[in-house]
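In case you want the letters, here they are:
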Amino acid sequence: MVDSIFQNKKNYHTATDEDKINTFFIVNKKFSLGKLEISQFFNHKCIDKASAMDLWFLLYRNVNKTPGWYWTKNPNKKEDKIKSISKTDKEMLMEYYKLSEKDFEFLCEHYRDDVDYKIKILNRI
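Quick word on the overall build of the protein
When helices and strands are counted, the protein shows 9 helices and 0 strands. If you list the helices and strands of the protein from N to C, you get α-α-α-α-α-α-α-α-α. Out of the 125 residues belonging to the protein, those deemed buried represent 30%. A separation threshold of at least 6 residues defines the contact pool for the protein, and within that pool the share at least 24 residues apart is 65%.

Below is the structure:
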């Protein structure tokens, strides 16, 4: 089904509604890696799963290859985002804003651009 959405577009039209319903859960879960808001919208218990699969197909009708984020385990690895910040910058930011380790990890995971901006400002001071 995934190949039909991204690469073999003609095969998608031969898929039955039953095929679409059977693969909806896993496809929607994988799409959440790249399109979380849309995936959450489709995740409602009363959604028509075949129609939701048709909408995924329409969203990617002009894409001819599978996006890189689709086959990754987790594109937003928390450890990688934290490791790329130097220890001195991390300590400086945590001390300035009186952050705990947990708070710092949360900020790096969800607001990395803001963390980088604040570090840049603090380094100028």
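There is more to say after this.
Some remarks on the pattern of salt bridges
For the structure shown, the criterion picks out 3 salt bridges. Here Asp 54 makes a salt bridge to Lys 20, at a shortest N to O gap of 2.7 Å. Placement of Asp 54 in helix H5 (residues 49-59) and of Lys 20 in helix H3 (residues 17-31) is noted, with a sequence separation of 34 residues between them. Judged by relative accessible area, which is 26%, Asp 54 ranks as partly exposed.

Regarding H5
Listed in full, the buried residues belonging to H5 are Ala 50, Ala 52, Met 53, Trp 56 and Phe 57. Along the long axis of H5, the arc covered by the buried residues comes to 160°, so they all point the same way. Contacts made by the buried residues of H5 are with helix H1 (2-6), helix H2 (9-12), H3 and helix H4 (36-42).

Points about unusual backbone geometry
Phi angles above zero are rare outside glycine, and Lys 98 is one such case at about 50°. Of note, Lys 98 is situated in the loop between helix H7 (87-97) and helix H8 (101-110). We classify Lys 98 as exposed; its relative accessible area is 73%.

Re helix H9 (residues 112-124)
Side chains that are three or four residues apart share a direction in an α-helix, a result of its 3.6 residues per turn. Under the 1.5 Å per step criterion, the end-to-end length of H9 is 19 Å for 13 residues, consistent within 8% with the ideal 18 Å. Among the residues of H9, Arg 112, Val 115, Ile 119 and Leu 122 are the ones counted as buried. All buried residues of H9 lie within an arc of 85° about the axis, which places them on one face of the element. Exposed and oriented more than 90 degrees from the buried face of H9 are Asp 113 and Arg 124.

Describing the side chain of Ser 39
Among the structural elements, Ser 39 can be located in helix H4. If we skip the residues at most four places from it in the chain, Ser 39 touches Asn 28, Phe 31, Ser 32 and Trp 56.

Section: the nonpolar core
Counting residues in each nonpolar core, the largest one holds 14 residues, and the members touching the most others are Ile 5, Phe 6, Val 27, Phe 31 and Met 53. Within the residue set of this core, elements represented by two or more residues are H1, H3 and H5. When residues in this core are grouped by element, the largest group, 4 residues, is from H5. The residues touching Phe 31, leaving out its near neighbours within four places in the chain, are Ile 5, Phe 6, Leu 36, Ser 39, Trp 56, Tyr 60, Trp 69 and Tyr 70. Judged by nonpolar contacts, the second largest core, of 9 residues, contains Ile 85, Met 94, Phe 104 and Leu 122.

Rules used in this analysis
- Residues numbered from 1 in each chain as written.
- Predicted model: local features only at pLDDT ≥ 70, side-chain atom pairs only at ≥ 80, totals over all residues.
- Heavy atoms only, no water.
- Helix = DSSP H or I, 4+ residues; strand = E, 2+ residues; numbered from the N terminus.
- Buried < 20%, exposed > 50% of the residue type's maximum accessible area, 1.4 Å probe, protein only.
- Contact = heavy atoms within 4.5 Å.
- Salt bridge = Lys/Arg side-chain N within 4 Å of Asp/Glu carboxyl O.
- Arc of directions from axis to C-beta.
- Expected span 1.5 Å × (residues − 1).
- Core = buried A, V, L, I, M, F, W, Y, C linked by side-chain atoms within 4.5 Å.

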